[in-house]
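Coordinate inspection notes
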Amino acid sequence: MLSGKTVLLGITGGIAAYKICELVRMYKRANANVQIVCTPNALNFVTKLTLQNLSKNDVAVEEFDIKKYNPEHISFADKADIMVIAPATANTISKLANGICDNLLTSIACAFTKPVIIAPAMNCNMWNNPIIQENLQKLHYTILEPETGFLACGYTGKGRLCSIDKIFDKTVELINYKPLNGKKIVITSGGTIEEIDPVRYISNYSSGKMGLALADTAKSFGAEVVLITTKDVTRNYKVVKVKSALDMQKAVEEEFDNADCVIMAAAVADYRAKNIVKQKMKKTSDDEITLELVKNPDILKEISNKKTHQIIVGFCAESENLLENAKTKIVDKGCDYLIANDISRKDIGFSSDYNEVTILNKNGEVKKLERASKMTISKQILEEIYG
Ligand code: PMT
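Residues numbered from 1 in each chain as written. Predicted model: local features only at pLDDT ≥ 70, side-chain atom pairs only at ≥ 80, totals over all residues. Heavy atoms only, no water.

**A word on the overall build of the protein**
Within the protein one finds 13 helices and 20 strands. With the principal axes as the frame, the protein shows a C-alpha extent of 75 × 50 × 40 Å. Expressed as a percentage of the 387 residues in the protein, the buried residues total 49%. Once local pairs closer than 6 in sequence are excluded, the contacts in the protein between residues at least 24 apart make up 66%. Surface summary for the protein: the accessible area is close to 19100 Å², and the carbon and sulfur share equals 49%. The positive charge centre, built from 50 side chains, and the negative charge centre, built from 47, are 4 Å apart in the protein. (Helix = DSSP H or I, 4+ residues; strand = E, 2+ residues; numbered from the N terminus. Buried < 20%, exposed > 50% of the residue type's maximum accessible area, 1.4 Å probe, protein only. Contact = heavy atoms within 4.5 Å. Areas by Shrake-Rupley, 256 points an atom, 1.4 Å probe, with all protein chains shown as cover. Lys, Arg positive; Asp, Glu negative; His and termini not counted. Charge placed at Lys NZ, Arg CZ, Asp CG, Glu CD.)

What follows is the structure in C-alpha cells.
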C-alpha cells in the first residue's frame, strides 16, 4: 500500500509514544520507507534503538548533528511524501502553530509542504485549554482528534491518542489521494508591482499566501503545478517570478495552451504608470504633481475569451457589496468560477493565513465556505472545481 513512499514520522514527548512502535511496524509491513524524527523528550518514553530497529533507519533528533551537506530539516522535508506527528503534545502543537522551530522536528514541519497528519495526545484539561484549541485551529494539517477514556495521568476524559489503525488508514488515504493526477494547474499569486521610477512603484497588500496555498494543495493532489508569482518562492514545482501585470500576462499566456485549469488569485493592478521614468524623480517646488496611468490588460478576461478546454477561475477582492459585485464580475470576466473574498476584514483576505470565501459558478450557483486556513480553503476550492 505504501510501496515507494516515504513516511516522515515525528514522535514527541508523551506517554503515548510507546504505542508508535506498532505504527512503525504497520508502515514497514506496507513497504514504506519510514524516517523517524524524535523530539529530545520523546526519547524519555521510547528508545532510539527500538525505533531504529523497527524502521531500519537512523533516528534523527538533533538539529545540528549534521552529517551531510544538505541541511537535514530541508532534505527530510523534501524527500518524504507525508509527515505524521504522533503523539503530538500540547507543547509541539503550540510551537507548530506559532512557527517556532527550536528542534529538528518543528523545523522540518515548518518547511514541509506536503500533507501533514497530527494525532494529539495529552491530559484532558490540557486538551480543553482554549489556548491549545486556538493553536490547533491555526494548523492547516489533518488532525486526528484524541479519544475519550482512561488517561495515563489518572484522569478520564478526552486526550487519549486515537487508534494506531486510524493513523495508518489516514496515512494511506492521504498518500494515495491524487484527484488531480495528470492535470496541469496554473496559479497566479501576489500583488503586481508597477514601476514609476527606479525607487517607486504602485502595488497592493496581496502577500501571495492564497495563491501559494492553492499551488501547494494542487501539488499534493497530484497536479503538475505552475505558480506565477510576484513573491520569492522556492518549491518542488515550477515557479515563475514576475513583477508587473504585463510580465504576468506573458507568463500566463506561455503556460495557457496545455493548462487544464488557470486560477487567478493574484491581485493584478488595473493601471500602470504611462511612462516609467528612468532616473529617480526629483522633488520640485510644486505642491501637486500628476501621475498619468494607463489601463493594464485584464488577464482573466482575455484568457476566458480565448479558452478552449481550460477551466478558468478568478478571484475577486471586494470591500463592499461582495455578492452583488461578484455576480457582475463573473459575467463580465466570463470565467467558470469566481472566488469572492471580503478584503475589508482584517481576520481574512489580504495577508492573513485565513480566508472566508464565496464560490460562484457560471451556472449561477453560490456556495459559501466558512472561515478557515488558506490551506483548508484551497482544498475546498479544488474539490469544488474537480469534485
Ligand atoms: O495574497 P493574499 O495576501 O493571500 O490575499 C489573497 C487575495 C485577497 C489577494 C486573493 O484572495 C484575491 O482576492 N485575489 C484577487 C484580487 C483582485 O485583483 O481582485 P479583482 O476583483 O480586482 O480582480 C478580479 C480578478 O481579475 C482576479 O482574479 C484578478 O487576478 C483578475 N485581474 C484583475 C485585473 C487585471 N488587470 N487582470 C486580471 O486578470
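Next comes the rest of the account.
**Considerations on the sheet that holds strand S3 (residues 59-60)**
The sheet built from six strands is open, its strands ordered S3-S2-S1-S4-S5-S6 with parallel pairing. Lying at the two open borders of the sheet, with one neighbouring strand each, are S3 and strand S6 (142-143). Note that strand S4 (residues 82-88) and strand S5 (residues 116-120) share four bridges and pair parallel. Each residue of the ladder has a partner; that of Met83, found in S5, is Val116. (Pairing = 2+ DSSP bridges.)

**With respect to the domain arrangement of the protein**
Segmentation of the protein into domains returns domain 1 (6-175) and domain 2 (184-386). Centre-to-centre separation of domain 1 and domain 2, based on C-alpha positions: 35 Å. Each side of the interface is counted separately: domain 1 has six residues, and domain 2 has seven residues. Note on domain 1 versus domain 2: buried area summed over both sides is about 560 Å², and carbon and sulfur give 58% of it. At the junction of domain 1 and domain 2, the tally comes to zero salt bridges. Of the residues belonging to the side of domain 1 that touches domain 2, the class tally is one nonpolar, three polar and two charged. (Domains from an automatic or database assignment. Buried area = accessible area lost by both parts, 1.4 Å probe. Salt bridge = Lys/Arg side-chain N within 4 Å of Asp/Glu carboxyl O. Nonpolar A, V, L, I, M, F, W, Y, C, P; charged D, E, K, R; others polar.)

**Focus on the site of the ligand**
If you check the shell around the ligand, you find 28 residues, and the closest are Ser206, Ser207, Lys329, Asn341 and Ser351. The backbone of Ala265 places a nitrogen or oxygen atom 2.9 Å from a nitrogen atom of the ligand. Backbone polar atom of Pro297 to a nitrogen atom of the ligand: 3.0 Å apart, as the coordinates give it. If you list the elements that add at least two residues to the shell around the ligand, you get helix H9 (209-220), helix H11 (299-305), strand S17 (311-318) and helix H12 (322-333). Per element, the largest residue contribution to the shell around the ligand is four residues, and it comes from S17. (Near = heavy atom within 4 Å. Polar contact = N/O pair within 3.5 Å; in protein donor to acceptor, adjacent residues only side chain to side chain.)

**A few points about the pattern of salt bridges**
For the structure on display, the rule yields 28 salt bridges. With its nearest N and O atoms 3.0 Å apart, the salt bridge here joins Asp353 to Lys209. Of the two residues, Asp353 sits in the loop between strand S18 (337-342) and strand S19 (354-361) while Lys209 sits in helix H9, which places them 144 residues apart along the sequence. Judged by its relative accessible area of 33%, Lys209 falls in the partly exposed class. Across the salt bridge formed by Glu253 and Lys306, the nearest N and O atoms sit 3.7 Å from each other. Residue Glu253 is located in helix H10 (residues 245-256), and its partner Lys306 is located in the loop between H11 and S17; the two are separated by 53 residues in the primary sequence. On the accessibility criterion, Lys306 (41% relative accessible area) is partly exposed.

**As for the packing of aromatic side chains**
Within this structure, the stated rule accounts for three aromatic pairs. When the centroid spacing of 5.9 Å and the interplanar angle of 35° are considered together, the rings of Tyr27 and Phe168 count as tilted. Separated by 141 residues along the polypeptide, Tyr27 in helix H1 (residues 20-29) and Phe168 in helix H8 (residues 164-176) bring together distant segments of the chain. An identical accessibility class is assigned to Tyr27 and Phe168; each is buried. For the ring pair Tyr205 and Phe350, a centre distance of 6.4 Å and an interplane angle of 65° mean the geometry is edge-to-face. On the criterion of sequence distance, the pair formed by Tyr205 in the loop between strand S11 (200-202) and H9 and Phe350 in the loop between S18 and S19 is long-range, its members being 145 residues apart. Overall, the relative accessible area of 29% leaves Phe350 in the partly exposed class. (Phe/Tyr/Trp six-rings, centres within 6.5 Å; stacked < 30°, edge-to-face > 60°.)

**Some points on the nonpolar core**
Counting 37 residues, the largest nonpolar core has Leu9, Tyr27 and Ile167 as its most contacted members. For this core, the secondary-structure elements that each account for two or more residues are strand S1 (6-11), H1, strand S2 (33-38), S4, S5 and H8. In contact with Leu9, not counting residues within four places along its chain, are Ile20, Leu23, Val24, Tyr27, Val34, Gln35, Ile36, Val37 and Val84. (Core = buried A, V, L, I, M, F, W, Y, C linked by side-chain atoms within 4.5 Å.)

**Regarding unusual backbone geometry**
Cis peptide bonds are those with omega within 30 degrees of zero, and the linkage from Ala86 to Pro87 qualifies with -10°. Within the element layout of this structure, Pro87 appears in strand S4. In this structure, Asn31 takes a positive phi of about 70° despite not being glycine. Non-glycine residue Lys56 carries a positive phi angle of around 60°. Following the sequence through the fold, Lys56 ends up in the loop between helix H2 (48-55) and S3.

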